[in-house]
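What follows is each chain in one-letter form.
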Amino acid sequence: MSASTPKTLSSSGQKPIQEICHPLSAAEEAVVRTPSPDVANNTASIEDKDLSLPNGTPVDTSSPASSSSLLNRLQLDDDLDGETRDLFVTVDDPKKHVSTMETYITYRVSTKTSRVEFDLPEYSVRRRYQDFDWLRIKLEETQPTHLIPPLPEKFVVKGVVDRFSEEFVETRRRALDKFLKRVADHPVLSFNEHLNAFLSSKDLNKRAGLALLTKVGEGVKLVTGGYKLRLRPLEFAAMGEYLDTFTGKLGTIDRIAQRIIKEQTEYLAELREYGPVYGSWAGVEAGNRDNNAAVGVEEDRNHSSSGHHSNGNGLQAPLEGVAGGVASVAAAMEELTEDMSQDFLPVLREYVLYIDSMKNVLKKRDQVQAEYEAKLEAAALRREERTTVPSDVEKCQDRVECFNADLKADWERWQNNKRQDFRQLLTNMADSNITYYQKCLAAWESIIPLLQERPADSFGRGQDKVI
Amino acid sequence: MMADTGSEEVAVIGNTDLTPGEIENNIKNTMGEVGDEEIVLPKKMEINVAEAEKRTVKNAVNMQETYTVYLIETRPADDASEGTNPTPDSLWRRYSEFEILRSYFLVAYPHVVVPPLPEKRAEFVWHKLSADNMDPDFVERRRVGLENFLLRVASHPILASDNIFYSFLTEENGWKEAVLETGFQAKADSRLKALNATFRVKNPDKRFAEMKHYGDELQSVISQLLRVRARVADRLYGVYKVHGNYGRVFSEWSAIEKEMGDGLQSAGHHMDAYAASVDDILEEEEHYADQLKEYLFYTDALRAVCRKHELIQYELEAAATDLSTKKQQQEELATGTVRTFSLKGMTSKLFGQETPEVREGKMKVLEGQIQEGEEALKEKNTECDEFVRSAWSEIERFKDQKNHDLKEALISYAIMQISMCKKGIQVWTNAKECFNKM
C-alpha cells in the first residue's frame, strides 16, 4: 500500500465520505493498544509507514473519517473509563404529541460535551423514533465499515401491544438510550457529523424526509456486490460461527425465560386462590368461637374477648397470618414477573438485532474482499506491463484492509459491550429473584410472632401427646 | 423404598394410672365379654410403627393378593428401664386390621371423638405423587400415619386402657377373634344405619348442633385448602424445574465464550441446584398436608358424636312422647271422655261402652306400661345426661387438641416457607456472584 493515497476513499456504489476538517487528524500520534489477541491472522500487508498501529495495520491518514486515521480510542478494559469520555448523551422524558396528521411520542435527547465539534457544551432537543431511524441510516451510509448499533423494531409485530402504553414506551426509551450511548461511545461514530446534527439541531424534519428514500437504496447496495468470496480469513469465519451459535443460545434463553414467566403466572393465579381459603377458615373458627360464647361455654378464661386478634380460639390469628403471608408472596411474585417481562426479555431480544447488525457488517466485509479478489484476478489475467499493481486494485486492497481493521476493532468493542451487557442483564435477573425471596422472607418472618401468640396457659389438660 | 427404620419416631405416652373405679368403668365400656386372661393394663408404653413390607398370598379364592403389612413395636417405657433399652415386642398388622380396630372403637365408645386413620387411597395428589397404593412414598406416609393413629389412641384417657387395643398391640394371633367376639360388627351396622337416618329432634342441645355445623364447615374448608394447595405445589414445581434449563444452556454457551465462560458455567450449576431443591421443599410440605388431612378425617368422628347425641335425644323424646300418650290414654279411660277424636272413641260410641271388666283389664295393662315407660324415660334421661356430659368433655378435649395441633402445623408451615426463602436467596446470591465474574 503506497504512502500517498487519494483523499477520499472510493468504494463501489457508495457515496463519498464527506470530508470534515478533523482536528484530530494527522496531528496526533495514534496511541493505541488493541485488546485483541488474535491479531496474527491479520491479512493486511505490513509495510513501513510513518504511522501505523502496533498491530501492523496501516493507518490511512488521508481520509480523516476512517477509523484508521484517527486517534483510535479503543476502549481498553471492561469498564469504560469515565475520564476519557467527553460526550454524554441521555434519552428520557417521553411525551405524547398530538398533531393534525398523527399522534406520536417524542423523547428528550440531552447532551453534555466538551468537544470542540459542538458549539455549545449542552444541548437538549426532542426527537421521535423516525429521527433515530434517520440517524442510523446516515451512519450506515457514511460509516460503511463500522458496526452501527441497532434500533428497536419500528413496528410491533405482536399487534396487540399498545404503542402508547407506559411499558412499551419505557422499553423503547431504554433501547433508544442504549443505541445513542453506544454510538456516542464509539471512537469513530461519535464524531460523525450526522450525530452532531442529531444531537444539536433544533429541527431535523427536512432531513428526516430523505431518509425514507435512501433506505430503499441501502438495500440495493448490498446486493449489487455479487462477487464470490475465495477464502474467508479464519478469524472472520470464526466470528460468523460464533454469531450463529450465540444467536441460538440467546433464542434458547429467550424461550426459557418466557416459559418461566408463564409458569410463574400460573403459580400466581393459584396463590390468589390459596390465600383466601385460609381466610375463610379463619372465619369458620371465629364463627365457632362466637357460638360457643353465645351458649355460655367457658373457654379460655385468660384472654380478653375482643376482636380479631384475640387468640382465645387459637386458630383464627394464625390462619389470618398465613393468609396474609400467601398474599404477600403473590404480590412479590407479580412484581418479579413484571420485572422479567419488562426488563429482561426486551433487552435479550434487542441483542438479536445487534447480532444481525454484526452479521451484516461481516457480509459487507466479505463483499469487499470478494471484489478485491475478483479485480486482482482480472488484473493478473490481463497481464499488464506495469510492475506495480494497478491503482484500482490497490484501492480495493486498501478498502479490504481498512474494513478488516475497522471490523476487528468493532468486534472487540462489541464483545466487550456484550460481556458488560450480559453481566448487567443476568445480575439484574439475579437481583430481581433475590428481592422476591427477601420480600417473602420478611412477610413470613413478620407472621411468626402472631402465630406463636398463646393465651396465658389454659392447656392444663395433662395429655402429653408427642408426635 | 420402604420405610427406613432410621427415621422412626418413638413416642412416650404418659398414660395416667388407672384407679380401680376407672378400671371397672373401662370394663363396662367394652362390649360384651372380656378376654379370659388377666387384663394387663400398660402403665407406659412406647409405640412405634417401624417398618412396612409387602406380602403376597393366595387368598380365599385362590388368587394372588399383594398387600402391605406394618411392623408395630412396643416397649414398656418405665423410668426403671430407661437405661436398659430392652428389645421391643413386635408384630405385623395390615391396614384392614387397623380399620377393624377403629370400627370397634366407634361402636364401643360412641361419645369419643375417635382418631382417624390415614387415608385409604391417595387423594389431593399433585402430579408428581403417585396415586398408587403400592408407591413407596405413599406407603411411607401411611406408615407414619398409622403410627400417629396409635399414638393418638394411646394418649387418649379412655381408649388407651381398652384391652382390645392392648391385645392389638401385643397379640398377633387371636386378636381378630377377640374383637369379633365382642359382637361389635352387628352393632356397627345398626349404628351406621341410625347415624344415616333422618329424624327430627325437637330440643337438641344447641352446643352439639353448633359443633356439628362447625364440623361440616371445617371439613369443607380443609378439603378446599388441600385441593388448592396441591395445585400450588404443582405450579411451584414447574417454576423451579424450568430453571434447570438455564443450567444446560449456560453450560453450552460458556463453551463459545472466553472471559465469560467460567462465570456462566458456575452460574449454570447454581441454576441446576435451584431446580433440584424443590423436591425436598415439596416433600416437607406433604407432611404439612398430612397434618391437615388428619383433622379433615377427624371431622367425621366429630360429626358422629354429635349425631349420636341427636339419636339419644331423639330416643329420649320418643320415650317421653310415648309415656305421655299412655298417660293420656289412662286419663281417657278413667274419665270416659274422649279428648281427641279417635276411631276407637267413635267405635265405642257407636257400639256402646265397654264392660267394666274390660275397662279394668285395660287400665291394669296401661298402668304397667306407664310404669315401664316411666322407668324407661328415667333411664333414657340418665343415659342422655351421661352422654351429654361425657361427650361434651370429649369434644372440649378435642377442640383444645385441634387448636394446639393445627397451630403447630401452621407455625411449621411458616417456618418451611422461611427456609425456602432463605435457600432461594442463597442460590441466587451465588449465581449473582458468578454473573459478576463474567
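Residues numbered from 1 in each chain as written. Chains lettered and ligands numbered in written order. Predicted model: local features only at pLDDT ≥ 70, side-chain atom pairs only at ≥ 80, totals over all residues. Heavy atoms only, no water.

S.K.: Please explain the overall build of chain B as it appears in this structure.
M.R.: In terms of helices and strands, chain B carries ten helices and four strands. The N-to-C order of helical and strand elements in chain B reads β-α-β-β-β-α-α-α-α-α-α-α-α-α. Each of the 438 residues in chain B was classed as buried or not, and the buried ones make up 47%. Residue pairs in contact within chain B that sit at least 24 positions apart in sequence constitute 78% of those at least 6 positions apart. Carbon and sulfur atoms form 50% of the exposed surface of chain B, whose accessible area is close to 21,800 Å². (Helix = DSSP H or I, 4+ residues; strand = E, 2+ residues; numbered from the N terminus. Buried < 20%, exposed > 50% of the residue type's maximum accessible area, 1.4 Å probe, protein only. Contact = heavy atoms within 4.5 Å. Areas by Shrake-Rupley, 256 points an atom, 1.4 Å probe, with all protein chains shown as cover.)

S.K.: Explain the sheet that holds strand S3 (residues 122-128) of chain A to me, please; I cannot follow it from the model alone.
M.R.: Two pairing modes exist for strands in a sheet, parallel and antiparallel, and in both the strands are linked by backbone hydrogen bonds. Residues and elements named next belong to chain A. If you walk across this open sheet you meet the three strands as S1-S2-S3, and the pairing is antiparallel. Lying at the two open borders of the sheet, with one neighbouring strand each, are strand S1 (87-98) and S3. Averaged over all pairs of adjacent strands, the angle between strand axes in this sheet comes to 20°, irrespective of strand direction. Relative to S3, strand S2 (residues 103-113) runs antiparallel, the two being bridged by seven bridges. Along S3, the bridge assignment pairs valine 109 with valine 125. (Pairing = 2+ DSSP bridges. Axes fitted to C-alpha atoms, helices over the stretch in contact; angles between N-to-C directions.)

S.K.: What am I meant to see in the interface of chain B and chain A here?
M.R.: Buried accessible area, meaning the area lost when the parts come together, often serves as the stated size of an interface. Across the contact, 76 residues belong to chain B and 70 residues belong to chain A. Buried area between chain B and chain A, summed over both chains or domains, comes out near 7,000 Å², and the portion from carbon and sulfur atoms is 69%. On the chain B side of the contact with chain A, B:Arg235, B:Tyr246 and B:Lys407 bury the most area, a combined 10% of that side's loss. Counting across the interface, chain B meets chain A through eight salt bridges. Across the pair A:Glu285 and B:Lys402 runs a salt bridge, and its minimum N-O distance is 2.9 Å. Joining chain B to chain A, the criterion identifies 15 residue pairs in polar contact (both at pLDDT 80 or more). (Buried area = accessible area lost by both parts, 1.4 Å probe. Salt bridge = Lys/Arg side-chain N within 4 Å of Asp/Glu carboxyl O. Polar contact = N/O pair within 3.5 Å; in protein donor to acceptor, adjacent residues only side chain to side chain.)

S.K.: Quick question: what am I supposed to make of the packing of aromatic side chains here?
M.R.: We describe a pair of aromatic rings using the distance from one ring centre to the other and the angle between the two ring planes. Following the criterion strictly, the structure yields 37 aromatic pairs over all chains and no others. Aromatic side chains A:Trp444 and B:Tyr413 sit 6.0 Å apart centroid to centroid with 85° between the ring planes, which places their arrangement in the edge-to-face category. On the criterion of chain membership, the pair formed by A:Trp444 in helix H7 (residues 391-452) and B:Tyr413 in helix H10 (residues 356-436) is interchain, its members lying in two chains. With respect to burial, A:Trp444 and B:Tyr413 carry one shared label: buried. Centre to centre, the rings of B:Tyr295 and B:Phe398 are 6.0 Å apart; their planes meet at 40°, and the pair counts as tilted. Of this pair, B:Tyr295 sits in helix H8 (residues 261-335) while B:Phe398 is found in helix H10, placing the two residues 103 residues apart along the sequence. Take B:Phe398: its relative accessible area is 4%, and that puts it in the buried class. Members of the aromatic cluster, connected to one another through ring pairs, are A:Tyr242, A:Phe246, A:Tyr351, A:Tyr354, A:Trp411, A:Trp414, A:Phe422, B:Tyr246, B:Phe250, B:Trp253 and B:Phe435. One residue, A:Arg128, lies across the ring of A:Tyr104, its end atom 3.8 Å from the ring centre. (Phe/Tyr/Trp six-rings, centres within 6.5 Å; stacked < 30°, edge-to-face > 60°. Lys NZ or Arg CZ within 6 Å of the ring centre and 35° of its normal.)

S.K.: What exactly am I supposed to notice about the pairing of S1(A) here?
M.R.: The two faces of the sheet receive side chains in turn, since in a regular strand these alternate between them. Taken together, the ten bridges between S1(A) and S2(A) define a ladder with antiparallel strand orientation. Across the sheet, the residue bridging to A:Val89 is A:Thr111, located in S2(A).

S.K.: Help me understand the pattern of salt bridges, please; the structure alone is not making it clear to me.
M.R.: Using the criterion set out here, one finds 61 salt bridges over all chains in the structure. Among the ionic pairs, B:Glu252 bridges to A:Lys249, the shortest N-O distance being 2.8 Å. A residue pair is termed interchain when its members come from two chains, as with B:Glu252 in helix H7 (residues 206-254) and A:Lys249 in helix H5 (residues 234-294). Using a relative accessible area of 16% as the deciding quantity, one classes A:Lys249 as buried.

S.K.: Which parts of the structure should I look at to understand the confidence of the model for chain B?
M.R.: Parts of the model with low pLDDT should not have their predicted coordinates read in detail. Residue and element names in this part refer to chain B. In this model, chain B carries a mean pLDDT of 82, and residues with pLDDT of at least 70 account for 82%. Confidence scores differ between elements of chain B, with strand S1 (residues 11-12) showing the lowest mean pLDDT of 34 and H7 the highest of 95. Predicted confidence is poor over residues 1-41, with pLDDT under 50, and the contacts of this stretch with residues over four places away or in other chains come to 69 contacts. If you check the scores for this complex, the pTM reads 0.75 and the ipTM reads 0.82. (pLDDT = per-residue confidence, 0-100.)

S.K.: So what exactly am I meant to see when it comes to the environment of A:Gln367 here?
M.R.: Residue and element names in this part refer to chain A. Tracing the backbone through its elements, the reader meets glutamine 367 in helix H6 (residues 316-382). Classification of glutamine 367 by relative accessible area gives partly exposed; the value is 23%. Each C-alpha atom of the pair glutamine 367 and leucine 229 lies 7.2 Å from the other, and the pair is 138 residues apart in sequence.

S.K.: Explain the packing of helix H1 (residues 129-142) of chain A against helix H3 (residues 193-200) of chain A here, please?
M.R.: Angle between the axes and distance between the axes: these two values describe a pair of packed helices. All names here are of chain A. Look at H1 against H3: their axes get within 9 Å of each other, and the N-to-C directions meet at 165°. On the basis of the axis angle, H1 is roughly antiparallel to H3. The element H1 and its partner H3 pack so that their crossing is right-handed. Contacts from Asp131, Phe132, Trp134, Leu135, Lys138 and Thr142 of H1 reach H3 at His194, Leu195 and Phe198. When the residues that make up the contact of H1 with H3 are grouped by side-chain class, the tally is five nonpolar, two polar and two charged. (Parallel < 35°, antiparallel > 145°, perpendicular 65-115°, else oblique. Left-handed = near helix turned anticlockwise from the far one by under 90°. Nonpolar A, V, L, I, M, F, W, Y, C, P; charged D, E, K, R; others polar.)

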